[in-house]
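# Understanding the architecture of this molecule
Spelled out from the first residue to the last, the chains are:
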Amino acid sequence: MRLEKCWFCSSTVYPGHGIQFVRNDAKIFRFCRSKCHKNFKMKRNPRKVKWTKAYRRLHGKDMTQDSTFEFERKRNRPERYDRNLAENTLKAIKKIDKVRVEREARHHAKRMKGKRAKEQREAAKELEQSIHMVKAPAALQQEPSLTLPKIKVKVSQQQLEENRMEE
């Protein structure tokens, strides 16, 4: 069973699925669905369409270089069937797939590293700026506990005297 790649979005095209377009110069283009075929006919560049693999790789959202991609390449050299070789190949495919998934997860975690802290800072800033929309100004003046808590630091007399002597 030969699994082809979609020319436009790089997804897998299974046998009996998709559309095949043959240009006048005998170049074959395979598409996984009509969405890809229509975009090709409209002469859209896959690197500029956000949902394609080419766009995601170009803009650093997917891994671009990894040794596991080497195994996915298409090879046109016929091999004589050997049962042991086929068995070892199937075992290797499972291991390689596991390694690739782990590396992709690591890449994604590294990309999303600072996002959560940034979202929390933005939410706190938004709340601070628009607290008047949540509670009326009169209610804020009457009950100061409704405002965002201010950090209070207790300083002992000894620390104050030490700071004054240093100055």
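One structure accompanies this document, and this report is about it. (Residues numbered from 1 in each chain as written. Predicted model: local features only at pLDDT ≥ 70, side-chain atom pairs only at ≥ 80, totals over all residues. Heavy atoms only, no water.)

### Section: the pattern of salt bridges
Rules: The salt bridge criterion pairs a side-chain nitrogen of Lys or Arg with a carboxyl oxygen of Asp or Glu, the two atoms within 4 Å. For helices the rule is a DSSP run of H or I covering at least 4 residues; for strands it is a run of E covering at least 2, with both sets numbered from the N terminus onward. Per-residue accessibility, obtained with a 1.4 Å probe over protein chains only, is compared with the maximum for each type, and a residue is labelled buried under 20%, exposed over 50%, and partly exposed between these values.
For the structure shown, the criterion picks out five salt bridges. With its nearest N and O atoms 3.8 Å apart, the salt bridge here joins R30 to E4. Of the two residues, R30 is situated in strand β4 (residues 28–31) and E4 in strand β1 (residues 4–5); the sequence distance between them amounts to 26 residues. Under the relative-accessibility criterion, R30 is labelled partly exposed at 25%. Connected through shared salt-bridge partners, D97, R100 and E104 make up one network.

### Points about the nonpolar core
Condition: Residues grouped as a nonpolar core are buried Ala, Val, Leu, Ile, Met, Phe, Trp, Tyr and Cys residues, joined through side-chain atoms within 4.5 Å.
The biggest cluster of nonpolar side chains holds ten residues, and these are C6, F8, C9, V13, F29, F31, C32, C36, F40 and V49. Sorting the residues of this core by element identifies β4 and α1 (34–41) as the ones contributing at least two each.

### Observations regarding the packing of aromatic side chains
Here is the rule: Aromatic rings from Phe, Tyr and Trp, with only the six-membered ring used for Trp, were paired whenever their centres fell within 6.5 Å, and each pair was classed as stacked if the ring planes differed by under 30 degrees, edge-to-face if by over 60, and tilted otherwise. The rule is short: NZ of Lys or CZ of Arg within 6 Å of the ring centre and within 35 degrees of the ring normal puts a charge over the ring.
Taken as a whole and assessed by the stated rule, the structure comprises seven aromatic pairs. Judged by centre distance (5.7 Å) and plane angle (45°), the ring pair of F8 and W51 falls under tilted. Taken together, the residues span a long stretch of sequence, with F8 in the loop between β1 and β2 (12–13) and W51 in the loop between α1 and α2 (53–58) at a distance of 43 residues. By the ring-pair criterion, three or more aromatic residues cluster together here, those being W7, F21, F29, F31 and F40. Here the basic side chain of K27 rests over the ring of F29, its NZ or CZ set 4.9 Å away from the ring centre. The ring centre of W51 lies 4.0 Å from the NZ or CZ of K35, which sits over that ring.

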